[in-house]
Amino acid sequence: MASTTSPGVEDGWGKVADVFRANFEGNPGEVGAACCVYVDGRPVVDLWDGLADREANRPWTGDTIAQVASTTKGATAICAHLLVQRGQLDLDAPVTRYWPEFGAAGKDRIPVRWLLSHQAGLPIVDGPLTFEQACSWDPVIRALEAQKPLWEPGTEHVYHAVTYGFLVGEVVRRITGKSLGTFFAEEVAAPLGLSAWIGLPEEHEPRVAHFEDAAPFTLEELLAGMIATTGLDADTVTAWVQSMWSPDAVQMRAGVLGGAMDPATGYFRTREWRAAEFPAANMVSDARSLARMYAATVSEVDGVRLLDPATVEAMTAVQTDKTRMYGLPPGLEIPAERSFNMSLGFWRACPPMPMVGPGSFGHPGSGGSTAFGDPDARVGFGYVTNLWNYRPDDPRAANLAEAVRSCLR
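For clarity, every value in this text was computed on a predicted model and none was experimentally measured. Every chain is numbered on its own, with residues counted from 1 as its sequence reads. Reporting in this predicted model follows two pLDDT cut-offs: at least 70 for local features of residues, and 80 or more for side-chain atom pairs to be given and counted; totals over whole chains, interfaces and linings ignore these cut-offs and use all residues. Note that the side-chain values use all heavy atoms of the structure and ignore hydrogens as well as water.

### Things to note about the environment of Arg142
The secondary structure listing takes helices from DSSP runs of H or I that are at least 4 residues long and strands from runs of E that are at least 2 residues long, numbered from the N terminus. Note on placement: Arg142 falls in helix α5 (residues 138-146). Accessibility here uses a 1.4 Å probe with only protein chains present; expressed as a share of the type maximum, an area under 20% marks a residue as buried, one over 50% as exposed, and anything in between as partly exposed. The class for Arg142 is partly exposed, based on a relative accessible area of 39%. Separated by 77 residues in the primary sequence, Arg142 and Ile65 have C-alpha atoms spaced 33 Å apart. For the purposes of these results, a polar contact is taken to be a pair of N or O atoms within 3.5 Å, where, inside protein, one atom must be able to donate a hydrogen and its partner to accept one; residues adjacent in sequence count only when each atom of the pair is a side-chain atom. A distance of 2.9 Å separates a polar atom in the side chain of Arg142 from a polar atom in the side chain of Glu145.

### Here's the deal with the packing of aromatic side chains
Note on ring pairs: Phe, Tyr and Trp rings are taken, using the six-membered ring of Trp, and paired if centres are within 6.5 Å. Classes follow the plane angle, with under 30 degrees stacked, over 60 edge-to-face and the rest tilted. In this structure the tally under the stated criterion is 18 aromatic pairs. On the numbers, 5.6 Å between centres and 75 degrees between planes, the contact of Phe20 with Phe24 is edge-to-face. Separated by four residues within a single helix, Phe20 and Phe24 lie in helix α1 (residues 14-25), roughly one turn from each other. Exposure remark for Phe20: the relative accessible area of 2% places this residue in the buried category. Using a relative accessible area of 10% as the deciding quantity, one classes Phe24 as buried. Centre to centre, the rings of Trp273 and Phe278 are 4.6 Å apart; their planes meet at 40 degrees, and the pair counts as tilted. Among the aromatic residues, ring-to-ring pairing joins Phe131, Trp137, Phe166, Phe211, Tyr267, Phe268, Trp273, Phe278, Trp388 and Tyr390 into one connected group. Placement of a positive charge over a ring is assigned whenever Lys NZ or Arg CZ falls within 6 Å of the ring centre and within 35 degrees of the normal to the ring plane. A cation over a ring is seen here: Arg269 above Phe211, with NZ or CZ 4.2 Å from the ring centre.

### As for the packing of helix α2 (residues 72-85) against helix α6 (residues 163-176)
In this description, a line fitted to the C-alpha atoms serves as the axis of each element, helices being fitted only across the stretch in contact, and the angle between N-to-C directions of two axes falls anywhere from 0 to 180 degrees. Remark: α2 packs on α6, axes separated minimally by 10 Å, with the N-to-C direction vectors making an angle of 30 degrees. On the basis of the axis angle, α2 is roughly parallel to α6. Crossing angle aside, the handedness with which α2 passes α6 is left-handed. Residues Lys73, Thr76, Ala77, Ala80 and Leu83 of α2 form the contact with α6, whose own contacting residues are Tyr164, Val168, Val172, Ile175 and Thr176. When grouped by side-chain class, the residues that make up the contact of α2 with α6 number seven nonpolar, two polar and one charged. Any angle that falls under 35 degrees is termed roughly parallel, while one over 145 is termed roughly antiparallel, one within 65 to 115 roughly perpendicular, and all others oblique. Should the near helix be turned anticlockwise from the far one by less than a right angle, the crossing is termed left-handed; should it be turned clockwise, right-handed. Here, residues are in contact when the closest pair of their heavy atoms is within 4.5 Å. Ten residues, namely Ala, Val, Leu, Ile, Met, Phe, Trp, Tyr, Cys and Pro, are considered nonpolar, four, namely Asp, Glu, Lys and Arg, are considered charged, and the remaining ones, Gly among them, are considered polar.

### Here we look at the pattern of salt bridges
Oppositely charged side chains are able to pair whenever their charged atoms sit close together. Criterion for a salt bridge: a side-chain nitrogen of Lys or Arg within 4 Å of a carboxyl oxygen of Asp or Glu. All told, the structure shown has 29 salt bridges when counted by the stated rule. Between Arg378 and Asp40 there is a salt bridge; the shortest N-O distance is 2.4 Å. One end of the pair, Arg378, is in the loop between β13 (370-374) and β14 (379-385); the other, Asp40, is in the loop between β2 (32-39) and β3 (42-53), with 338 residues separating them in the sequence. The class for Arg378 is partly exposed, based on a relative accessible area of 32%. Accessibility expressed as a relative area gives 45% for Asp40, which makes it partly exposed.

### Here's the deal with the pairing of β13
In terms of burial, β13 is a largely internal element, five of the five residues being buried. Across the two faces of β13 the burial is the same, with Thr370, Phe372 and Asp374 and Ala371 and Gly373 all buried. At least two DSSP bridges between two strands are required for those strands to pair. Pairing analysis gives four bridges linking strand β12 (residues 361-364) to β13, with the strands arranged antiparallel. Opposite Pro364, over in β13, you have Thr370 as the bridge partner.

### Quick look at the UniProt feature "domain: Beta-lactamase-related" (unreviewed entry) in the chain
UniProt positions are given in the numbering used here, feature names are shortened, and annotations may be inferred rather than shown by experiment. Following the UniProt record, the feature "domain: Beta-lactamase-related" (unreviewed entry) maps to residues 22-402 here. Strand forms 15% of residues 22-402 and helix 32%; the C-alpha atoms that close the span are 13 Å apart.

### Observations concerning unusual backbone geometry
At the junction of Asn27 and Pro28, the peptide bond is cis and its omega measures out at 20 degrees in the coordinates. In this chain, Gly127 is followed by Pro128 through a cis amide linkage whose omega measures 0 degrees. Position of Pro128 among the secondary structure elements: in the loop between α3 (112-116) and α4 (131-135). Its identity as a non-glycine residue notwithstanding, Asn57 has a phi of 55 degrees, on the positive side. Counting through the fold element by element, Asn57 comes out in the loop between β3 and β4 (58-59). Here Asn57 falls in the exposed class, since its relative accessible area comes to 56%.

So, in structure tokens, the structure goes:
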């Protein structure tokens, strides 16, 4: 392991550092990673270690940034709730109040809150779309305007893996005249001094960690991991996986955006991907910025507080406990707190993602990154990695969060 670990650990927080080091020796291990914890608006843990690029033998430093996948969604939600707090966005208003063209194909009565809670029935785009079209934004917006919902909006939910960012981002753009990435840069990143971007400027490319994939795993390992993290029985988990992750299932189709995001093309390793704005999936950040951002939603950070307590309370009310998960076979019920415990843009604490307490809220990212806040403990937490592990029982962030919990006791 490289000797670049930062010294940023206050007294009483050594257990987080111990777990961070242990992650490098565990399974799946680490190539490079960083973890940061804020409490009451100040950092108590700020760690990094390993290699930002194994092939080049480039060490991970305090300046390294990494792709964080769907951890982006939490930042996008924060942008939307800033507008709610300012009285510019009404979550119960129809989307068409802000985006009139959205109302085609039976979507005229969808309220904004269903976009944030994955209940709008728009997880896929029929396409076809190219990657270049997706990067240019407007073709995806036109496709979503024409798209018919897969279900009666508001009656079911399923993860809008990529479309979430375009749906929420376009509402923000219609209200402010700014793209989501620009709004985030000006209203969140700049006031807090974050190294975080949705649409990475080219001058920061040398700082980006090169990510690689952890070892593949079998279907049996996937099922065992989901059983362990959800606490559901084997028959339920098997039926759930078979319905949601077969090649033609909606969850698989949701990730490719009408063909624009075919993983076989390797688009997610390109400069074009990082330069574009995909507000569901392509933020580049360090752990420090993620922790600082969430800390500013639950406390004041160097004079900046993004969201007030009333906004946080309203935006973190669970929504997916009220509707059924789309695509499940008849008779199969998956409780939200065991699967997709989603509020208005944020996961809430639940067995698959316990965070640090019942009030915690945040968002994980494919590969392992995680960021969250907790209003009771006044915690902001960020973890990023460049060894992407897709197993549901990835222990790295979970072990770090458990260490934070133990230090708070």
